[in-house]
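One letter stands for each residue in the lines below.
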Protein chains: 2
Amino acid sequence: MSGIAMPDWLAKRARLTPQRIGLEAGGEQYTFAQMHRNVAEVAALLAERGVGRGDRVALLLPNGTHFVWTVHALARLGAVSVPLNLRLAAPEMAAQIQEADVSLLVYHSSLAQRAADLAHATRVPILCVDKESTHAPPPTATPFELDRTHTIIFTSGTTGRPKGAMLTFGNHWWSAVGSVLNLGLREGDKWLACVPLFHVSGLSILMRSVIYGIPAVVHERFEPARVNAAIEYGGVTIVSVVSNMLARLLDERADRPYPPSFRCFLAGGGPVPEILLERCRELGVPVVQTYGLTETASQVVTLAPEDAFRKLGSAGKPLFPVEVRIALEGRDAEPGEAGEILVRGPNVMAGYYKRPEETARALRGGWLHTGDVGYLDDEGFLYVLDRRSDLIISGGENVYPAEVEAALASHPAVAEAAVIGREDADWGAVPVAFVKLRPGRVVTEDELARHCRELLAGYKVPREVRFVDELPRNASGKLVRSALREELSRDG
Amino acid sequence: MSGIAMPDWLAKRARLTPQRIGLEAGGEQYTFAQMHRNVAEVAALLAERGVGRGDRVALLLPNGTHFVWTVHALARLGAVSVPLNLRLAAPEMAAQIQEADVSLLVYHSSLAQRAADLAHATRVPILCVDKESTHAPPPTATPFELDRTHTIIFTSGTTGRPKGAMLTFGNHWWSAVGSVLNLGLREGDKWLACVPLFHVSGLSILMRSVIYGIPAVVHERFEPARVNAAIEYGGVTIVSVVSNMLARLLDERADRPYPPSFRCFLAGGGPVPEILLERCRELGVPVVQTYGLTETASQVVTLAPEDAFRKLGSAGKPLFPVEVRIALEGRDAEPGEAGEILVRGPNVMAGYYKRPEETARALRGGWLHTGDVGYLDDEGFLYVLDRRSDLIISGGENVYPAEVEAALASHPAVAEAAVIGREDADWGAVPVAFVKLRPGRVVTEDELARHCRELLAGYKVPREVRFVDELPRNASGKLVRSALREELSRDG
């Protein structure tokens, strides 16, 4: 990707279509020209605080205008956005801030206390982006070099140690291009972000907005009635969701059909259950299923609505610039044969920040080794069997058992712990823990949950803790999670 | 652009959407899967004839299926397509074949005599692509490296000596991406090529077809009734035209409106006259005007229909990945101030084949110096005042005076010659020659026209020859074309 530089996307967009609406958030509409002015102001404020090219700046910002201004302002300065998952516990955030060598934390006044706590814990300076301002002139927009890092987004991985996936300007660009070649682009398109902007699923909507020249509609949180109203009355044509959000949207609408202006739900975070697809079909609601990762700047494969039933359970086919292979014991798997999903393309991350070994393990010969298991059928449709074998996806958030196990094991009473997912009607899955205590120690389930809540995001805290005498291990001492799953399913 | 490789576009498209129609030509429809099989056969035939990576192959092919198969087959082999302008005279074609170091000439049986003559003149082997076949297995598709040359298209330039613009895979890719971000992409889009495929305006439609996954409809030649029928009954949504074609289409339709399914005419080759725009507006026909060059793999700027009247005479604003500057005496011109149009972006050619000096003159600091004169207004709209000061655009074809002057001067009776354009209702402009004879020599206008026809494409042959005693020259001996233009306009 080296060599290509483009004009600053928002600056360019503001020159091309200054009067078009680019953002709807907090009850206001902003044209691209207004966005550009607001971003210039935030860029001036950041520059005044010493932020420059290559600096990493953490974002402690809820979905809203200030997230948008800040992420574009940092791109304009050539600095790197490190969006923090607001659901994380303080120690998790602090670890990411330190891991990414963050030089400034930008926060919204509604999160002032958390920002102050983080400043105290990490010694990183903080800036309240919605209260402070400057009269300094805005720094000039510099070209976007596609091989430079735009964003670092943390993903915990199987080790439980968070790793910062470095997404370049080019990764975001090609992701947007791959998506438009798949979903098309119509006059009047309007994309709703009711998923978090700190996730790549939300962030990528902001990128598409400036690249395509369409409005991003940003909701602070997912409220089914508001999303449905935005589709029915607000002209929203595309909404990114995970499948449990989709179910709640149809419930709220009491299965009334959507207006013809509505184009589709883009549904990630695992296959949409057949019964839900059936409801959508009856209502004439197109659902485009997708499989993507933080490391691929969102979508890798998508399933067109016309294939949804013929290829039930499939995540679809790769986007035009993306390739998918299934690797099995050092060879390409045959159609129908399961193996590790490998992804190649210009949307694949540059690597993990300051983690050469983990980067080398993940990126081999240009192929991202996802750790996810799946197969391709004879028409090239991808079926994802298991997200990283032990990954638990709870309400669209990834829960890595190793991370929860480490939190449990840090309690003085715990000898060892194992965490697996249990199916859940509302959340898809929730974490359940099996804990072996140290000899002579006693602890309650509540106490362990409280301990976890201090260290982990709420959605990672085990919904149930089962105390056991021994964890099932194989001859070489490796945990046999399947035995735990069997035990769970036996007990219901 | 180095570093990025993509899967073979047609192979990828045939995997993604095998059953979609990708081509309509010669009364037949072809799915992408069928196209892929036909292309594989042609690739096998070419490989059998020794064509491999980097080889340059000339195309003596009319608009039709075999042009499509051949251009994709050469890309698949990593070879370079050199499409010949079928309107050129034999010596012009021979010069391009030699200039490009062509190793094989591929022709259609309808052009067998011309191919045989060229083989005789250039000693280049020839292959009849619609008659010959092979049972050899198709070569495997290799990745498309975006910085490799895909096409060499000749453009004569001001020197009259043809130069081969090297367009890379990346140039075509980014051109297609820039266009989709501007015009959008809808299910059901279908793009008609009634312009020559040997020009970048036609060729780029074939690239968009495989990249977007939409049908290209290829007409052998421009027939207004057929184009109108394809729009009305054939589902065509976009048609690339030059403005005199647009006028003939409206005439043929007797100003009946087009169906709502029709999206737009993409009109290149100079601004659309106001009176014609007015007719289009009354009929509700959207016209997207554009300015582009061979060297930029087609569109550079486009003018949206909603701006057509407000910005009458403008060619519009740059595509998203493209930048335009106006240079004047080594500085950027102010808004409204005319200067040379410079273009930068990933769609700009790699250079002229084996012409390092001319390449260095054209590409400076990443900016293509177009030689065209224009200005930007204060909203960033480009107005093209003059295509390379002396360029004559006749029916969408470029006529470079220097080339015609050289042909005239090669006649033994001619001492010197000057060629300028005269406005023409049908063609936009036609070439007119001013000729000074050698002392004591006599020649008729017909004889000079016949002489030119042997050397030049018909559209370059002067429509009128005026014999003069002296050509107007300034103190330094430079031809003063403006004096000739005044003389022409005086005489009407």
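Residues numbered from 1 in each chain as written. Chains lettered and ligands numbered in written order. Predicted model: local features only at pLDDT ≥ 70, side-chain atom pairs only at ≥ 80, totals over all residues. Heavy atoms only, no water.

Caption draft 1: Looking closely at the overall build of chain A. Counting its regular elements, chain A contains 14 helices and 29 strands. Taking 492 residues into account, the globule formula puts the C-alpha radius of gyration at 23 Å, and chain A, at 22 Å, falls close to it. Counting only residues that meet the buried cut, chain A has 60% of its 492 residues in that class. Counting only contacts in chain A whose residues sit at least 6 apart along the sequence, the fraction spanning at least 24 positions is 66%. When the accessible area of chain A is evaluated, it comes to approximately 19000 Å², of which 50% is carbon and sulfur surface. The distance from the centre of the 53 positive side-chain charges to the centre of the 59 negative ones in chain A is 4 Å. (Helix = DSSP H or I, 4+ residues; strand = E, 2+ residues; numbered from the N terminus. Rg over C-alpha atoms; globule rule 2.2 N^0.38 Å. Buried < 20%, exposed > 50% of the residue type's maximum accessible area, 1.4 Å probe, protein only. Contact = heavy atoms within 4.5 Å. Areas by Shrake-Rupley, 256 points an atom, 1.4 Å probe, with all protein chains shown as cover. Lys, Arg positive; Asp, Glu negative; His and termini not counted. Charge placed at Lys NZ, Arg CZ, Asp CG, Glu CD.)

Caption draft 2: The arrangement of the sheet that holds strand S12 (residues 216–218) of chain B in detail. Residues and elements named next belong to chain B. If you trace the nine strands from one edge of the open sheet to the other, you get S3-S2-S12-S11-S13-S14-S15-S16-S17, paired in mixed fashion. For this open sheet the edge positions go to strand S3 (28–31) and strand S17 (317–318), each flanked by a neighbour on one side alone. Sheet analysis places strand S16 (residues 298–303) next to S17, joined by two bridges and oriented antiparallel. Its bridge partner being in S17, Thr302 is matched across the sheet by Lys317. (Pairing = 2+ DSSP bridges.)

Caption draft 3: Geometry of the interface of chain A and chain B. Contact with chain A, which involves 34 residues of that partner, is made by 34 residues of chain B. Between chain A and chain B, roughly 2900 Å² of surface is buried when both sides are summed, and carbon and sulfur atoms account for 65% of that area. Of all residues in chain A, Trp174(A), Leu181(A) and Phe320(A) bury the most surface against chain B, accounting for 25% of the area lost on that side. The tally of links from chain A across to chain B stands at zero salt bridges. Our enumeration of links across chain A and chain B arrives at nine residue pairs in polar contact (both at pLDDT 80 or more). Within the residue set of the side of chain A that touches chain B, elements represented by two or more residues are helix H1 (9–16), helix H6 (169–183), helix H7 (200–213) and strand S17 (317–318) of chain A. Along the lines of polarity and charge, the residues of the side of chain A that touches chain B split into 23 nonpolar, three polar and eight charged. (Buried area = accessible area lost by both parts, 1.4 Å probe. Salt bridge = Lys/Arg side-chain N within 4 Å of Asp/Glu carboxyl O. Polar contact = N/O pair within 3.5 Å; in protein donor to acceptor, adjacent residues only side chain to side chain. Nonpolar A, V, L, I, M, F, W, Y, C, P; charged D, E, K, R; others polar.)

Caption draft 4: A look at the relation of the copies chain A and chain B. It takes a turn of 180° to lay chain A on chain B, together with a shift of 0.0 Å along the axis; the resulting RMSD is 0.0 Å. Taken together, the turn and the small shift mark the pair as related by a two-fold rotation axis. Mapped onto chain B, 100% of the interface residues of chain A again fall at the interface, so both copies present the same surface. (Least-squares fit on C-alpha atoms with pLDDT ≥ 70 in both.)

Caption draft 5: Structural view of the pairing of strand S23 (residues 367–376) of chain B. Residue and element names in this part refer to chain B. Where strand S20 (residues 339–344) and S23 come together, four bridges link them in antiparallel fashion. Looking across to S23, one finds that Gly339 is bridged to Gly374. Strand direction decides the pairing type here: strand S22 (residues 363–364) and S23, joined by two bridges, are antiparallel. Each residue of the ladder has a partner; that of Arg364, found in S23, is Trp367. Joining the antiparallel neighbours S22 and S23 is a turn of two residues, in which Gly365 adopts a positive phi near 60°.

Caption draft 6: Helix H5 (residues 112–122) of chain B, seen in detail. All names here are of chain B. Looking at H5, one finds that the buried residues are Ala115, Leu118, Ala119 and Thr122. In a view along the axis of H5, the buried residues occupy a sector of 105°, so they form one face of it. Within H5, the exposed residues directed more than 90 degrees away from the buried face are Gln113 and His120. On its buried face, H5 is in contact with strand S4 (56–60), helix H4 (90–99), strand S6 (104–107) and strand S7 (126–128). Taken from the residues just after H5, Arg123 is the one with a positive phi, measuring 65°. (Arc of directions from axis to C-beta.)

Caption draft 7: Structural context of the domain arrangement of chain A. All names here are of chain A. Each assigned domain of chain A is listed with its residue range as follows: domain 1 (5–376) and domain 2 (392–491). For domain 1 and domain 2, the distance between their C-alpha centres works out to 30 Å. Across the contact, 17 residues belong to domain 1 and 17 residues belong to domain 2. Scanning the region where domain 1 abuts domain 2 turns up two salt bridges. (Domains from an automatic or database assignment.)

Caption draft 8: Looking closely at unusual backbone geometry. Residue and element names in this part refer to chain A. Even without glycine at this site, Ser298 takes up a positive phi of about 90°. With respect to the helices and strands, Ser298 occurs in strand S16 (residues 298–303). Accessibility expressed as a relative area gives 8% for Ser298, which makes it buried. A positive phi angle is found at Lys354, which is not glycine, with a value near 55°. Turning to its location among the elements, Lys354 is positioned in the loop between strand S21 (351–352) and helix H11 (356–362). The class for Lys354 is exposed, based on a relative accessible area of 53%.

Caption draft 9: Highlighting the pattern of salt bridges. Applying the stated criterion to the full structure yields 62 salt bridges over all chains. A salt bridge links Arg87(B) to Glu397(B); the nearest nitrogen and oxygen atoms lie 2.1 Å apart. Here Glu397(B) lies in strand S26 (residues 397–399) and Arg87(B) lies in the loop between strand S5 (80–83) and H4, a separation of 310 residues in the sequence. Residue class for Arg87(B) comes out partly exposed when judged on its relative accessible area of 40%. Residue classification places Glu397(B) among the buried residues on the basis of a relative accessible area of 2%. Two residues, Glu220(B) and Arg226(B), come together in a salt bridge whose shortest N-O distance is 3.3 Å. When its relative accessible area of 31% is taken as the criterion, Arg226(B) is described as partly exposed. Through salt bridges with shared partners, a single ionic network connects Asp307(A), Arg310(A), Lys311(A), Asp377(A) and Glu379(A).

Caption draft 10: Geometry of the side chain of Asn244(A). Here Asn244(A) is to be found in helix H9 (residues 243–252). With sequence-adjacent residues up to four places away left out, Asn244(A) is seen in contact with Gly395(A), Asp426(A) and Trp427(A).

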